Amino acid sequence: MRNFELLDSYSIDTATGVLTFTAAQQSLARPIVALRREGGYIALSASYGPFEIALRPRFQELSRVLARLQPVEGLQTTRQVGTGQAFLALGLKPDGVLLMRPTIVADATGHMGFNLALSAEARHTLFEWLPVDPATATGENQTTG
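This text gives an overview of the structure that appears in the document. None of the values given here were measured: they were computed from a predicted structure.

1. Considerations on the overall build of the protein
When helices and strands are tallied, the protein shows three helices and 11 strands. Its helices and strands taken in sequence order, the protein reads β-β-β-β-β-β-α-β-β-β-β-β-α-α from the N to the C terminus. The C-alpha atoms of the protein give a radius of gyration of 15 Å, which matches the 15 Å a tight globule of 145 residues would have. Buried residues in the protein amount to 39% of all 145 residues. Residue pairs at least 24 apart in sequence account for 37% of intrachain contacts in the protein once pairs closer than 6 positions are excluded. With the model as given, the accessible surface of the protein reaches about 8,400 Å², and the carbon-plus-sulfur share is 50%.

2. What to know about the sheet that holds strand β6 (residues 51-55)
Ordered by their spatial adjacency, five strands build an open sheet running β2-β3-β4-β5-β6, and the pairing between neighbours is antiparallel. A single partner strand is all that each edge strand has here, and the edge strands are β2 (9-13) and β6. Neighbour-to-neighbour, the strand axes of this sheet turn through a mean angle of 15°, independent of strand direction. Two strands pair when backbone bridges link them, and β2 and strand β3 (residues 18-22) are joined in this way by five bridges, in the antiparallel orientation. Among the inter-strand pairings, Ser11 is bridged to a residue of β3, identified as Thr20.

3. Describing the environment of Leu66
Structurally, Leu66 can be placed in helix α1 (residues 59-68). For Leu66 and Leu130, which are 64 residues apart along the polypeptide, the C-alpha to C-alpha distance reads 10.0 Å.

4. A few points about the pairing of strand β10 (residues 110-113)
Of the strand pairs in this sheet, strand β9 (residues 98-107) and β10 are connected by four bridges, and their pairing is antiparallel. Following the sheet pairing, Asp107 is matched in β10 by Gly110. Linkage of β9 to β10, two consecutive antiparallel strands, is achieved through a turn of two residues.

5. Quick notes on the pairing of β6
With five bridges connecting them, strand β5 (residues 41-48) and β6 associate as antiparallel partners. Bridging from a neighbouring strand, Ala46 pairs with Ile53 of β6. The antiparallel hairpin formed by β5 and β6 contains two residues in its connecting segment, where Gly49 sits at a positive phi of about 65°.

6. Let's talk about the nonpolar core
Residues Phe21, Val33, Leu66, Leu90 and Leu126 are the most contacted members of the largest nonpolar core, which totals 31 residues. Per-element tally for this core: the top contributor is α1, with five residues. Excluding residues that lie within four positions of it along the chain, Leu66 makes contacts with Leu90, Leu98, Leu126, Phe127, Leu130 and Val132.

7. Observations concerning the packing of aromatic side chains
Across all of its chains, the model carries two aromatic pairs by this definition. The ring of Phe59 carries Arg37 above its face, with NZ or CZ at 3.5 Å from the centroid. Here Arg56 stacks its cationic end above the ring of Tyr41, 4.6 Å away from the centre of that ring.

The rules behind the values
- Residues numbered from 1 in each chain as written.
- Predicted model: local features only at pLDDT ≥ 70, side-chain atom pairs only at ≥ 80, totals over all residues.
- Heavy atoms only, no water.
- Helix = DSSP H or I, 4+ residues; strand = E, 2+ residues; numbered from the N terminus.
- Rg over C-alpha atoms; globule rule 2.2 N^0.38 Å.
- Buried < 20%, exposed > 50% of the residue type's maximum accessible area, 1.4 Å probe, protein only.
- Contact = heavy atoms within 4.5 Å.
- Areas by Shrake-Rupley, 256 points an atom, 1.4 Å probe, with all protein chains shown as cover.
- Pairing = 2+ DSSP bridges.
- Axes fitted to C-alpha atoms, helices over the stretch in contact; angles between N-to-C directions.
- Core = buried A, V, L, I, M, F, W, Y, C linked by side-chain atoms within 4.5 Å.
- Phe/Tyr/Trp six-rings, centres within 6.5 Å; stacked < 30°, edge-to-face > 60°.
- Lys NZ or Arg CZ within 6 Å of the ring centre and 35° of its normal.

Quick look at the structure:
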């Protein structure tokens, strides 16, 4: 059974452009997710105590996947961004909480990942910061002719 750590506090450093998510309730491991836009990529650092997983998913792919997320009862994560060896698994709960599993796969024998969740308010901040627009990601705002 996976135990997700809720990250419900966030801050944006306007000087560096880094968006940081932390848990309001401090713990010894102090989980942190930090994101920064780097051209066509998003630099994502997920740390839990002294351990860190750093990923660089493509901005467009991450934005598109987040925009298309739908809550699916019984499933924790329904989409992945990245490769088979390093990816960010994402899921959306019915209450608006975003599940994030940054994962590094060693080989067929195992992997390492963090089970993190952004509160609905923190998820909203992430969607505004990227930005994520469900209408444009699915093509609803495109005109034909």
